[in-house]
Amino acid sequence: QVRLEESGGGLVQPGGSLRLSCVASGFTFSSYNMNWYRQSPGKKREMVATISMAGSSTNYAESVKGRFTISRDNSKNTVYLQMNLLEPEDTAVYYCNTVTLRGESFDVWWGQGTQVTVSS
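This report concerns the structure included in the present document. (Residues numbered from 1 in each chain as written. Predicted model: local features only at pLDDT ≥ 70, side-chain atom pairs only at ≥ 80, totals over all residues. Heavy atoms only, no water.)

A word on the sheet that holds strand E7 (residues 68–73)
For clarity, the threshold we go by: Pairing between strands is defined by DSSP: at least two bridges between them are needed. Elements are defined by DSSP. Helices are runs of H or I of four residues or more, strands are runs of E of two residues or more, and each kind is numbered from the N terminus. Interaxial angles span 0 to 180 degrees and are taken between N-to-C directions of axes, which are lines fitted to C-alpha atoms, for helices over the stretch in contact.
Spatially, four strands are ordered E1-E3-E8-E7 in an open sheet, and the strand pairing comes out antiparallel. Of all strands in the sheet, those bounded by a partner on one side alone are strand E1 (3–7) and E7. Neighbour to neighbour, the strand axes of the sheet diverge by 15 degrees on average, direction disregarded. Bridge count for E1 against strand E3 (residues 18–25) is five bridges, and the pairing is antiparallel.

This is the structure we're talking about:
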């Protein structure tokens, strides 16, 4: 059974930093890209950052480029999201995500989410 467990969220002041972690289990972690998404109240869930299997390629939403960094440690089955220079607009529930293959089909997996609140 695939499981994604996020942690590291909390309340932080504008300009502050947080590091989110997502521990994965139930699949071959190093064989799949990993993603972070976020969702604010009343808004669609949006992709924040993605990282390739070996971590050699990353992509970011325009709104977080230069402030957020995604990384992974395949020896720990963990993906991270370092968030710096946080803004109130970054307030959201952050979700870890992956898509695994099953024959000719695929499965989409989500963690339970971790709340990030940026406020003074």
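Now that the structure has been shown, the text picks up again.
With respect to a nonpolar patch on the surface
Convention followed: Only residues whose relative accessible area exceeds 30% and that form no salt bridge are eligible for patches; like-charged ones are grouped when within 9 Å, while nonpolar side chains (Val, Leu, Ile, Met, Phe, Trp, Tyr) are grouped when within 5 Å. Where accessible areas are quoted, they stem from the Shrake-Rupley method and a 1.4 Å probe; at the residue level, only the protein chains shown are allowed to cover. When a carboxyl oxygen of Asp or Glu is within 4 Å of a side-chain nitrogen of Lys or Arg, the pair counts as a salt bridge.
A surface patch of nonpolar side chains, about 490 Å² in accessible area, is lined by Val-99, Leu-101, Phe-106, Val-108 and Trp-110. Mapped onto the elements of the fold, Phe-106 is located in strand E10 (residues 105–110).

Comments concerning the state of the cysteines
In plain terms, the rule: Two cysteine sulfur atoms make up a disulfide if the distance between them is within 2.5 Å. Working definition: with a 1.4 Å probe on protein chains only, accessible area under 20% of the residue-type maximum means buried, over 50% means exposed, and in between means partly exposed.
In total, this model carries one disulfide according to the counting rule given. Covalent S-S linkage joins Cys-22 and Cys-96, the inter-sulfur distance amounting to 2.1 Å. On the S-S bond that ties Cys-22 to Cys-96, the torsion sits near -80 degrees, and the link is left-handed. Here the residue Cys-22 occupies a position in strand E3, and Cys-96 occupies one in strand E9 (residues 92–102), the gap between them amounting to 74 residues. A relative accessible area of 0% means that Cys-22 is categorised as buried. On the basis of relative accessible area, Cys-96 is assigned to the buried category, the value being 0%.

So, to be careful, I would describe these as geometric facts and stop short of saying anything about function.
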